[in-house]
2 protein chains.
Amino acid sequence: MELLSTGSKEVTIYDIARELNISPATVSRGLNDHPAVNKETKKKIENMAKEMGYRSNTFASNLRRQRTHTIGVIVPRLNSYFMSAVISGMEKVANSSGFNLIIGQSLETATKEAASAQTMFNSRVDGLLVSLAYDTDNIDHFKDFLKKGIPLIFFDRVFNHSQCTGIIIDNFKAAQEATNHLIEQGCRRIVHVTGNQKRNVYADRLGGYKYALSNLGLEFNSNLIIETDLSVEAGVAAADQIRRMNPLPDGVFAANDACAVSCLLALKQAGISVPHDIAFVGFNNDPLSKVVEPNLTTVNYPGHEMGEVAAQTLINHLNGTVNINNTNTIILRSELVIRGSSIRNGGAK
Amino acid sequence: MELLSTGSKEVTIYDIARELNISPATVSRGLNDHPAVNKETKKKIENMAKEMGYRSNTFASNLRRQRTHTIGVIVPRLNSYFMSAVISGMEKVANSSGFNLIIGQSLETATKEAASAQTMFNSRVDGLLVSLAYDTDNIDHFKDFLKKGIPLIFFDRVFNHSQCTGIIIDNFKAAQEATNHLIEQGCRRIVHVTGNQKRNVYADRLGGYKYALSNLGLEFNSNLIIETDLSVEAGVAAADQIRRMNPLPDGVFAANDACAVSCLLALKQAGISVPHDIAFVGFNNDPLSKVVEPNLTTVNYPGHEMGEVAAQTLINHLNGTVNINNTNTIILRSELVIRGSSIRNGGAK
DNA sequence: GTGAAAGCGCTAACAT
DNA sequence: ATGTTAGCGCTTTCAC
């Protein structure tokens, strides 16, 4: 038996079948743990497969089964700490369940998001995990998926649609807590730096901010709302705007840490003391928040876990374990992490 | 012509062929820009394809062509700023060339790296882009790829092998420059915080450090070398070790920013002044470096660009544009970014 | 418990 | 320039 082909030809189930004097069908069954296959035969098949260096041809299999074991992921940008954590979580789960991830970036534009969706559609992903771009208005570009019944799960930046599940944290409540905290620290004129209001995450955070104010009898002042793209540069610009406010605000709640940190630094540079003059709260618990001085109070946003949950939910649905059609929203735990940037009553180190 | 099937059946080239009264082969050619196809026919095919909502079946195509248009990427971890930037660059290039990326994390272990490689091999990626795990000793787990002639390109953490191209920066020179800079600033006892010496990046940086010392007539002292895993925690531990040194060092060159920053902060907390008592240089130009006070002098490491170059090189090779078999190493530009943490002669703000 | 046979959708010789 | 044909490797009815 000199079958150890050192050459480059691929071993197929036919080769195994021939070698074992059985049919390809049985080999296929053996390799796929089909119940109706003799234990002995199965063992023989497995051994021979290993010996011959067989590897299953995913394409042939996919072609037959009409399933790809591939999950599409579309995110605004890959290069933020939060997104990396999310993807990392997804990869972990997908990998351990035999799924592959293919990843696309929308670069915050609806156009690229649509193009990416089309690519994913053409590569026939089994399901889609999406966090929406900054300027996406509708989800028409996903209708191919919905029409075909391909599951579509949103995370973080979600879209409310009866046919899609969303995985989020309670942004409203988190923002309310953040704002409450600032108020408790004595802040009365709190600036809120927010993002595009099309996106639930920013709209909900603004909502929570407003609710906290009114709940504690403070008046909402739209002049204190700064809508930006939440970039580092936007933080610097926001600082400029804040400095020109009269009277000076005594608190800032920013919808993300990168922006909060650059704003904080710019204000410090301008001689404003944090938290004494202005107390700060950010959002995300980015590593930056533990480096800036004073350390930034922020909302811990479990990115890795969100990635795991999103991927696991999708995979469970695909495997028929759990049906997500009845699940509208999954809410993950988040919590306020209090650090020096917001502590005013003697607590700061 | 009532062919606008609202149903769920997939449209194939046969359907298009039937509708147009031509052969499936011609349809295939038309859709693939085959030169020998009438312009008119081609246009007709394209229109009909669009009208009928045709989408190409990648599996059938892959099965035939034995090419997957998929690139495997294996990285130690997804959740660092540097890696995110790399992946982001790869995605951009891959996407615009019609390639998909599938991504695996080794979580810094050779075992998971091997498992990931196996998965990629089984999904028949056209090529592999790899940055090695912390403890990988050899590349036996990639030999399947080499045997089959599947191109394997290393980036950042490379392995010197005649059959693989590596994409790096000149770590030796960058480290030499960093060390020179510290010496110019008057430092004479410079600690170097490094990583596992199996990895070129850390070994080369140590090499550059040593070379700079000897070049300027300073003696190398192995007590000043701290080998760590370069994590945030390791930075804190390194700070502890540094504080106990007698005499106290006057400079620290760390092989990555996250570690440098946490070390710097821990030393500051202990009452040591940076840069006055100890000057600091990091590596990577992580966003953290612009937030820590004083801002960290560091080596700008073009992650996004490295991702682009790696992906483009691989794709060019796959497309036959460029053959990488003769290319051993591609070196990207990097440069020292001087900030407050290392400036001692009155320059600091 | 196993085999025979058809076909998933596409592409590439080879013919015309 | 287009058509014919075979087959990529697998799974799955339907037989037995």
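S.K.: Describe the protein's contact with DNA strand C, and please don't skip the residues or the numbers.
M.R.: Near DNA strand C, the surroundings consist of 25 residues, among which A:T26, A:N38, B:T12, B:N57 and B:A60 are the closest. Contributions of two or more residues to the surface near DNA strand C are made by α2 (24-31) and α4 (58-65) of chain A together with α2 (24-31) and α4 (58-65) of chain B. Along the lines of polarity and charge, the residues of the surface near DNA strand C split into eleven nonpolar, ten polar and four charged.

S.K.: I'd like a description of the interface of chain B and chain A, backed by residues and values.
M.R.: With 35 residues of chain B at the interface, the matching set in chain A holds 35 residues. For the side of chain B that touches chain A, the elements supplying multiple residues, two or more each, are α4, α5 (81-96), β2 (100-105), α6 (110-122) and α11 (257-269) of chain B. For the side of chain B that touches chain A, the element with the highest residue contribution is α5(B), accounting for seven residues. When grouped by side-chain class, the residues that make up the side of chain B that touches chain A number 17 nonpolar, 13 polar and five charged.

S.K.: Can you lay out the protein's contact with DNA strand D for me, pointing to particular residues and giving the numbers?
M.R.: In the neighbourhood of DNA strand D, 26 residues make up the surrounding shell, with A:T12, A:A25, A:A60, B:A25 and B:N38 lying closest. Put simply, the parts of the chain that give the surface near DNA strand D at least two residues each are α2 and α4 of chain A together with α2 and α4 of chain B. Of the residues assigned to the surface near DNA strand D, the class counts are eleven nonpolar, ten polar and five charged.

S.K.: Provide a residue-level description of the sheet that holds strand β9 (residues 279-281) of chain A, including the pertinent values.
M.R.: All names here are of chain A. Pairing is parallel in the open sheet, where four strands are placed in the order β7-β6-β8-β9. Each having just a single partner strand, β7 (225-227) and β9 make up the two edges of the open sheet. On average, each strand axis in the sheet is tilted by 15° relative to the strand beside it, whichever way the strands run. As defined by bridge partners, strand β8 (residues 251-254) adjoins β9 across three bridges and the pair is classed as parallel. Within the sheet, the bridge partner assigned to V252 lies in β9 and is F280.

S.K.: Can you explain the relation of the copies chain B and chain A? Please cite residues and give values.
M.R.: What connects the two chain copies is a rotation about an axis and a shift along it. With an RMSD of 0.2 Å, the operation that places chain B on chain A is a rotation of 180° combined with a shift of 0.1 Å along the axis. When the rotation and shift are considered jointly, the pair of chain copies conforms to a two-fold rotation axis. Minimal C-alpha distance to the rotation axis in chain B is attained by B:F59, lying at 2.3 Å.

S.K.: Quick one: what's the story with the sheet that holds strand β6 (residues 190-194) of chain B, residue by residue and with numbers?
M.R.: Residue and element names in this part refer to chain B. Strand order in this open sheet of four strands is β7-β6-β8-β9, and the pairing throughout is parallel. Whereas interior strands pair on both sides, the edge strands pair on one side only; in this sheet they are β7 (225-227) and β9 (279-281). The sheet shows a mean angle of 15° between the axes of neighbouring strands, direction not considered. Packed on one face of the sheet, helix α9 (residues 200-215) meets β6 and β8 (251-254) and runs near 170° to β6. Its contacts with the sheet place α11 against β6, β8 and β9, and it is angled at close to 150° to β8.

S.K.: Please give an account of unusual backbone geometry that cites residues and values.
M.R.: Residue A:P275 follows A:V274 across a cis peptide bond; omega there is 5°. Its location among the elements puts A:P275 in the loop between α11 (257-269) and β9. Unusually for a residue other than glycine, A:E108 sits at a positive phi of about 70°. Within the secondary structure, A:E108 is located in the loop between β2 (100-105) and α6 (110-122). The exposure class assigned to A:E108 is partly exposed, which follows from the 17 C-beta atoms found within 10 Å. Notably, B:L230 is not glycine yet its phi reads approximately 65°, a positive angle. Examined against the element boundaries, B:L230 turns out to sit in the loop between β7 and α10 (232-243).

Reading guide: rules and limits
Residues numbered from 1 in each chain as written. Chains lettered and ligands numbered in written order. Predicted model: local features only at pLDDT ≥ 70, side-chain atom pairs only at ≥ 80, totals over all residues. Near = placed C-beta within 6 Å. Helix = DSSP H or I, 4+ residues; strand = E, 2+ residues; numbered from the N terminus. Nonpolar A, V, L, I, M, F, W, Y, C, P; charged D, E, K, R; others polar. Contact = placed C-beta atoms within 7 Å. Pairing = 2+ DSSP bridges. Axes fitted to C-alpha atoms, helices over the stretch in contact; angles between N-to-C directions. Least-squares fit on C-alpha atoms with pLDDT ≥ 70 in both. Buried ≥ 20, exposed ≤ 12 C-beta atoms within 10 Å, placed from the backbone.

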